[in-house]
Amino acid sequence: YTCDLIRNFSIIAHIDHGKSTLADRLLELTGTIKKKEVGKNEQVLDKLKVERERGITVKAQTASMIHTVDGRQHILNLIDTPGHVDFAWEVSRSMAACQGALLLVDASQGVQAQTISVFHIARERGLKIIPVLNKIDLPAAQPELLAAQMESTFGIDPAEIISISAKTGKGVDAVLKAIVERIPPPSGKTTGPLKAFLFDSLYDRYRGVISLIAIQDGVLKKGDRIASCHTRKKYEVTDIGIMHPEEIPVNGLYPGQVGFIACNMKESSEAHIGDTLHRPGTTVEPMPGFKPAKAMVYAGIFPVDTSDFPKLEESIKRLALTDRSVTIQRESSTALGQGCRLGFLGTLHMDVFRQRLEDEYDANIIITAPTVPYKIVYKDREVYVSNPTEFPDASEMASKVIEVQEPVVKASIIVPEDYFGDMMDLCYTHRAEELEHRYLDAGTGTSARIMLNCVVPLSEIVTDFFDQLKSRSSGFASFDYEEGGYKASDLAKMVFLLNGKPVDALALIVHRSHEDDIGRAWVKKLVKVIPRQMYEVPIQAAVGKKIIARETLSAYRADVTAGLYGGHVERKMKVLERQKEGKARMKRMGTVDLPQEAFFEIMKK
Ligand code: GTP
């Protein structure tokens, strides 16, 4: 073992630029996995079913490869990073264990919004960046133009750029060569006191918490005792190995190596991401950790059948063990019963979690409209509210609340010049402020692209912003954002009344400038999905005492036996029985029966 023979790197790119495909080619080329037929892209590192289905990487995965150069075996540790804007936290934490990064750019698409943000994270961490242009097999690829773009945007020397096709494998050997030649080996002393960096954790049904670690100094072996700088708790290493990409046990992990350990940790909260592990009795300077992931989008999750709550809660807790960025709280609703309020990094994250809950735990759930955390400023205190039912009502707002603030993000959009007007319009209708723009590739003629920066309320982004951005730019716009703090805003709680009774699960927090539009749109939607009742039902949207919008559901009497002639008692009973079953699946909303399907319809945006 020597440190010189180790390289730790990650692949960073905008979504869909080919990270997972390149990772697979590297694993094949080093013989880590068997070569697959060209064109068949079953990505090895994307382990979760949702990742396969959606083609996005959610959870960072790690793999060690062995690559021989001049008869010397090198260990290349690839730390895979997820690609979606919601997962920036996972990206930065994956990069902390690396000395270098492959900056991958799709040669037919060019530099996109996330290419820029990941580039900056990598540069701030002092990583050696290897620029790679991917998909040069595509007819639309413009490698020369993009080399110029990467030079002007990042100051990258075009001579350093490697052009490849991750799909066909062309040029991938040059990437492997560059990893060994250009990325510095980790520095660390075998003899120093043990210092290991914990950068990820997994949960295993049988062994409990598995931590992924990068050894900074010293050697860690099975049976060793370790302590956490963060919790001060002590453990014994019961299992140690590397991910190859499947787990392979090893005798010990040496400086610069990346691997996994199991040590009798029971709760995944004990594996504190960013923690430094050391030997009990020694003191080490902890490595700079991470800012903990902050939930920015909240939604209530309820079982369709209220008696399923204990099972649902158990499933949510188990799933959250594999995803440390989800926060969980109990919540109850008069309409939906007992449920959980979960916090997510973003809406895609929420979607992925929901889908995993359904796929892996067979859960039948209702999820409420997403809300961001609002800050309510009182004279003597500040309170964060992420559930519309807890938002102060009109009288409290008038008497006690000084102001309400909402989270905003700094957004950047990159778009071809032709769509600039549409993007400005999109930003304005989503309450964007501080708009500025600049040409990204001045002088490249036909493909001039503009980078638009603005400050947008997060609540505007969690709804339809991304879909509209894509559709209004014919898919050409790319988008990224980072936290931008809180700003005072004119917000109010909107409630929906069925037959004069508010339905708590439908409450929303809205900006006053949007209240009419939102109120009208929602009552229109409600009147379509709520089945007619025995009597007339008014459906109203209200802010405080003010009714914003109203629709009336006319009365209807369902006589399911009307079409049947007398005498067929059995048949009549059967029909009535079926109707009763249908009733059982209904939820009481105020005094109105709302079938589950209606609720699903409403919650779909
Ligand atoms: P995320 O993990 O979601 O960020 O995506 P990714 O960056 O891992 O992209 P992925 O490897 O899933 O590739 C995205 C799409 O581009 C897939 O359909 C790939 O088959 C395709 N692709 C990747 N590399 C190449 C290439 O060199 N040429 C062509 N033509 N297609 C490629």
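Conventions we followed
Residues numbered from 1 in each chain as written. Predicted model: local features only at pLDDT ≥ 70, side-chain atom pairs only at ≥ 80, totals over all residues. Heavy atoms only, no water. UniProt positions renumbered as here; feature names shortened; annotations may be inferred. Helix = DSSP H or I, 4+ residues; strand = E, 2+ residues; numbered from the N terminus. Buried < 20%, exposed > 50% of the residue type's maximum accessible area, 1.4 Å probe, protein only. Contact = heavy atoms within 4.5 Å. Areas by Shrake-Rupley, 256 points an atom, 1.4 Å probe, with all protein chains shown as cover. Pairing = 2+ DSSP bridges. Axes fitted to C-alpha atoms, helices over the stretch in contact; angles between N-to-C directions. Core = buried A, V, L, I, M, F, W, Y, C linked by side-chain atoms within 4.5 Å.

The chain carries the name P-loop containing nucleoside triphosphate hydrolase protein in an unreviewed UniProt entry, which gives Roridomyces roridus as its organism. UniProt's Catalytic activity (unreviewed entry) comment on the chain is quoted here verbatim: "GTP + H2O = GDP + phosphate + H(+)".

Draft legend 1. Summary view of the overall build of the chain. A count of helical and extended segments in the chain gives 14 helices and 32 strands. Buried positions account for 54% of the 605 residues belonging to the chain. Within the chain, residue pairs in contact and separated by at least 24 positions form 69% of the contacts whose partners lie at least 6 positions apart. Of the roughly 27600 Å² of accessible surface on the chain, a fraction of 50% belongs to carbon and sulfur atoms.

Draft legend 2. Just the sheet that holds strand β16 (residues 297-303), in detail. Strand order in this open sheet of four strands is β17-β18-β16-β19, and the pairing throughout is antiparallel. Lying at the two open borders of the sheet, with one neighbouring strand each, are β17 (327-333) and β19 (365-367). The sheet shows a mean angle of 30° between the axes of neighbouring strands, taken without regard to direction. Sheet topology note: the β16/strand β18 (residues 337-344) ladder contains five bridges and is antiparallel. Within the sheet, the bridge partner assigned to alanine 299 lies in β18 and is leucine 342. Helix α7 (residues 309-321) rests against β16, β17, β18 and β19 of the sheet, and its axis sits at about 15° to β18.

Draft legend 3. Geometry of unusual backbone geometry. Positive phi values are uncommon outside glycine, yet lysine 135 reaches one of about 65°. Looking at the secondary structure, you find lysine 135 in the loop between β5 (128-134) and α5 (143-154).

Draft legend 4. Examining the nonpolar core more closely. If you look at the biggest cluster of nonpolar residues, it comprises 52 residues, and the most contacted ones within it are Leu357 and Ile413. The element best represented in this core is strand β22 (residues 401-416), accounting for six residues. With residues near it in sequence (within four places) discarded, isoleucine 413 still touches Met423, Cys427, Ile450, Met451, Leu452, Phe465, Leu469, Ala477, Ser478 and Phe479. With 38 residues, the next largest nonpolar core counts Met150, Leu202, Leu212 and Leu440 among its residues.

Draft legend 5. Representation of the sheet that holds strand β1 (residues 6-13). The six strands lie next to each other as β2-β3-β1-β4-β5-β6, forming an open sheet whose pairing is mixed. The open sheet has two edge strands with one neighbour each: β2 (62-69) and β6 (162-163). The pairing of β5 with β6 spans two bridges and is parallel. Looking at the pairing, leucine 133 lines up with serine 163 of β6. Relative to the sheet, α5 contacts β4 (100-106), β5 and β6, its axis offset from that of β5 by approximately 150°.

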